[in-house]
Amino acid sequence: EPAAGAGEGDELQRAKAVDVTFLYKLAPGPSDKSHGLNVARLAKLPESIILTAQRESAHFERNFLAEQVAAQLQHALEVSVDEATLEKIWRRAQQVLAIDAGAPVAA
């Protein structure tokens, strides 16, 4: 919604002033990352709204990662997996727990 006092011409001018090219590949399924915060900044939304969205996004991201790891662990319990695969799942679980605790995570 346009800011108070902003006319339709102002909105049109601002829309023309920003040229954004997204270089991402679309693929089926959910994503653990969103670019909505970047879009919000480009749209010049109030910082308080962006900060709230950033906190909610981080919460969603942690939950998304935890669900992925839980699904991998469930699958590992249902089928016979090798030790290397179990180690990989374990390292990922530790990363998710570190994210949840607010600790920095190595990629």
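Our subject in this report is the structure included herewith. Keep in mind the model is a prediction, meaning the values are calculated, not measured.

Scanning the protein chain from terminus to terminus reveals four helices and zero strands. Secondary structure elements of the protein chain, listed N to C terminal, follow the sequence α-α-α-α. The buried share of the protein chain, taken over its 107 residues, is 10%. The contacts in the protein chain between residues at least 6 apart in sequence include a share of 42% that link residues at least 24 apart. Only carbon and sulfur atoms are counted for the fraction: they give 57% of the accessible area of the protein chain, which is about 8,900 Å².

Time to look at the environment of A53. Residue placement: A53 occurs in helix 3 (residues 47–78). Relative accessible area serves as the criterion here: at 34%, A53 is assigned to the partly exposed category. It is 7.3 Å that separates the C-alpha atoms of A53 and L37, two residues lying 16 residues apart in sequence.

What follows is about the environment of L45. Relative to the assigned elements, L45 resides in the loop between helix 2 (36–42) and helix 3. Overall, L45 belongs to the partly exposed group, its relative accessible area being 40%.

Quick look at helix 3 now. Under the 1.5 Å per step criterion, the end-to-end length of helix 3 is 46 Å for 32 residues, consistent within 8% with the ideal 46 Å. Considered for burial, the residues of helix 3 that qualify are I50, F64, L65, V69 and A76.

Bringing the environment of N63 into the picture now. Considering the arrangement of structural elements, one finds N63 in helix 3. The spacing of N63 and V96 is 33 residues in sequence and 8.9 Å in space, taken between C-alpha atoms.

Reading the values: the criteria
Residues numbered from 1 in each chain as written. Predicted model: local features only at pLDDT ≥ 70, side-chain atom pairs only at ≥ 80, totals over all residues. Heavy atoms only, no water. Helix = DSSP H or I, 4+ residues; strand = E, 2+ residues; numbered from the N terminus. Buried < 20%, exposed > 50% of the residue type's maximum accessible area, 1.4 Å probe, protein only. Contact = heavy atoms within 4.5 Å. Areas by Shrake-Rupley, 256 points an atom, 1.4 Å probe, with all protein chains shown as cover. Expected span 1.5 Å × (residues − 1).

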